[in-house]
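The chain contents come next:
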Amino acid sequence: NKKVILNDYVSGFPKESDMNIVDSTITLKIPEGSNDVVLVKNLYLSCDPYMRTLMSNPEGSINPRAYTPQSPIAGYGVSKVLESTHKDYKEGDLVWGITNWEEYSLIPAAQIHFKIEHTDVPLSYYTGILGMPGMTAYSGFFEVGSPKKGESVFVSAASGAVGQLVGQFAKLHGCYVVGSAGSKEKVDLLKNKFGYDEAINYKEEQDLDAALKRHFPEGIDIYFENVGGKTLDAVLLNMKIHGRIPVCGMISQYNLTQHEGVTNLAHLIYKRIRMQGFVVVDYYHLYAKFLEFVLPHIREGKVVYVEDIAEGLEKGPAALVGIFKGQNVGKQVLVIARE
Ligand code: NDP
């Protein structure tokens, strides 16, 4: 049973060498007397930015939870049930939830979030558009952002797992949408694939404030915050009165030992802005409603999803580290097995 283990707590930018691939034997049977556990074969694993916060020493970290050094890292994944002692799961079921980065895992049934009912769409989508990132885009934009038709929306990390969906949901809702991303290829995707009205390559803009003023002469109603730092500072200067900022993530800060300061927060007052952090796990009760909304759009090609697929556990550390360098184009998925 090959697995990806964390060597030790990480400080600063994560490196491939912070993780190791090890092999061990596993008895493909649930030990007798174990209740409510499920033995799964892992198929698709999700590379997510929050996983970096679990690599830090929990003392003094923004995340009080942490991986255990010398143990497998864990995250969202799509798995097939091989055996189960929980009434809701049986052999052959496909599920998504939290699993370990290894070929086979024995996990508490409580770690499974949902059984997969719709298999006419790619299974890997349950690490992305039909899984945690999809729910993040949906709840963050609609529930926290309170969008109205015709409003102006800005999205950072706009071509990523979450961002590409926020842009498309905003367009479906009748909004004007601009995204920022870190390469020409991504900017092209934003405009030509995801339907963003305009796109900014933030790595090439000397003056982000000026770029925002160019695209939002009347200001921004909703800023879907994925990156924090300098981008947030420039956005605060360009928000409209009664604007909303759903704070989804701040990836530019996760690897810094000292976080950057944001200097324009006083604009929250002048402009009566509602800036609200949210965590997707608080919204999983909306999952059925979300599927009802998104599945028809996927089937009709009205919402598309771009994935960046890495093959094999060996590629896991590089794929995970790559998202902090912007190497992923679309949702970063790691394939362990296809069935
Ligand atoms: P992505 O697929 O967008 O991958 C991360 C992207 O972030 C990279 O491709 C890169 O794109 C960009 N990036 C990396 N470093 C920086 C930096 N220093 N400054 C600016 N951009 C950077 O990830 P997700 O869509 O999965 O996640 C997006 C955000 O949403 C993250 O902040 C994540 O933590 C957050 N999140 C929050 C959740 C919640 O419940 N609140 C749930 C899920 C995600 P580029 O080339 O454009 O720079």
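Residues numbered from 1 in each chain as written. Predicted model: local features only at pLDDT ≥ 70, side-chain atom pairs only at ≥ 80, totals over all residues.

**Q** Where do I start with the overall build of the protein chain in this structure?
**A** Helices and strands together make up the secondary structure of the protein chain, namely 9 helices and 15 strands. Here the C-alpha radius of gyration of the protein chain, 20 Å, is about what a compact globule of 339 residues would show, namely 20 Å. Its C-alpha atoms put the protein chain at 65 × 45 × 35 Å along the principal axes. Taking all 339 residues of the protein chain together, 45% fall into the buried category. Taking the intrachain contacts of the protein chain between residues at least 6 apart in sequence as the baseline, contacts between residues at least 24 apart amount to 65%. (Helix = DSSP H or I, 4+ residues; strand = E, 2+ residues; numbered from the N terminus. Rg over C-alpha atoms; globule rule 2.2 N^0.38 Å. Buried ≥ 20, exposed ≤ 12 C-beta atoms within 10 Å, placed from the backbone. Contact = placed C-beta atoms within 7 Å.)

**Q** Sorry if this is basic, but what is going on with the site of the ligand here?
**A** In the neighbourhood of the ligand, 30 residues make up the surrounding shell, with Gly 160, Ala 161, Gly 182, Gly 249 and Gly 326 lying closest. Where the shell around the ligand is concerned, the elements lending two or more residues are α2 (132–144) and β15 (331–335). A per-class count over the shell around the ligand returns 16 nonpolar, 11 polar and 3 charged. Here the shell around the ligand gathers at least three residues from each of two domains, domain 1 (2–128 + 305–335) and domain 2 (132–281). (Near = placed C-beta within 6 Å. Nonpolar A, V, L, I, M, F, W, Y, C, P; charged D, E, K, R; others polar. Domains from an automatic or database assignment.)

**Q** So what exactly am I meant to see when it comes to the environment of Gly 160 here?
**A** Looking at where Gly 160 falls in the secondary structure, it is placed in the loop between β8 (152–155) and α3 (163–172). Taking the number of C-beta atoms within 10 Å as the measure of exposure, Gly 160 has 32 and is therefore buried. Separated by 108 residues in sequence, Gly 160 and Leu 268 have C-alpha atoms that sit 27 Å apart.

**Q** Help me understand the packing of helix α5 (residues 208–215) against helix α6 (residues 229–236), please; the structure alone is not making it clear to me.
**A** When two helices pack together, you describe them by how their axes are tilted relative to each other and by the distance separating the axes. Packing of α5 against α6 leaves a shortest axis separation of 9 Å and a crossing angle of 50 degrees. Classified by the angle their axes make, α5 and α6 are oblique. In terms of crossing hand, the pair formed by α5 and α6 is right-handed. Contacts from Leu 208, Asp 209 and Leu 212 of α5 reach α6 at Lys 230, Thr 231, Ala 234 and Val 235. When the residues that make up the contact of α5 with α6 are grouped by side-chain class, the tally is 4 nonpolar, 1 polar and 2 charged. (Axes fitted to C-alpha atoms, helices over the stretch in contact; angles between N-to-C directions. Parallel < 35°, antiparallel > 145°, perpendicular 65-115°, else oblique. Left-handed = near helix turned anticlockwise from the far one by under 90°.)

**Q** Quick question: what am I supposed to make of the sheet that holds strand β12 (residues 239–247) here?
**A** Strand-to-strand pairing in sheets goes through backbone hydrogen bonds, with the strands running parallel or antiparallel. As summarised here, the arrangement of the 6 strands in space is β10-β9-β8-β11-β12-β13, forming an open sheet in which the pairing is parallel. The strands lining the two open edges of the sheet, one partner per strand, are β10 (198–201) and β13 (274–277). Averaged over all pairs of adjacent strands, the angle between their axes in this sheet comes to 15 degrees, without regard to strand direction. Where β8 meets strand β11 (residues 220–224), 3 bridges bridge the pair, whose relative direction is parallel. When the bridges of β11 are listed, Phe 154 appears paired with Tyr 223. Of the strands in this sheet, β9 (176–181) and β10 touch helix α4 (residues 184–192), which is tilted by about 170 degrees from β10. (Pairing = 2+ DSSP bridges.)

**Q** For this particular structure, what's the right way to read the domain arrangement of the protein chain?
**A** In many reports, interface size means the accessible area that the parts give up when they come together. Taken domain by domain, the protein chain comprises domain 1 (2–128 + 305–335) and domain 2 (132–281). Tallying the contact residues gives 16 residues for domain 1 and 17 residues for domain 2. Taken together, the residues that form the side of domain 1 that touches domain 2 break down as 7 nonpolar, 7 polar and 2 charged.

**Q** Whenever I open this one, the pairing of β8 confuses me. Can you help?
**A** For a regular strand, side-chain orientation follows a simple rule: the groups alternate between the two sheet faces. Because side chains alternate across β8, one face comprises the buried residues Ser 152 and Phe 154, and the other comprises Val 153 and Val 155, equally buried. Bridging between β8 and β9 involves 4 bridges; their strand directions are parallel. Bridging from a neighbouring strand, Val 153 pairs with Val 177 of β9. Crossover β8 to β9 through α3 is right-handed. (Right-handed = clockwise from strand over helix to strand, strands pointing away.)

**Q** What exactly am I supposed to notice about the packing of α2 against α3 here?
**A** Interaxial distance between α2 and α3 falls to 9 Å at its minimum, and their mutual angle equals 45 degrees. Classified by the angle their axes make, α2 and α3 are oblique. Judged by the twist between their axes, the crossing of α2 over α3 is right-handed. Contact residues: Gly 134, Ala 137, Tyr 138 and Phe 141 in α2; Leu 165, Val 166, Phe 169 and Ala 170 in α3. Along the lines of polarity and charge, the residues of the contact of α2 with α3 split into 7 nonpolar, 1 polar and no charged.

**Q** What is the right way to look at unusual backbone geometry in this model?
**A** Outside of glycine, negative phi angles account for most residues, and trans bonds account for most peptide bonds. With a phi angle near 55 degrees, Asp 36 is a residue other than glycine that sits in the positive phi range. Here Asp 36 shows up in the loop between β2 (19–23) and β3 (37–46).

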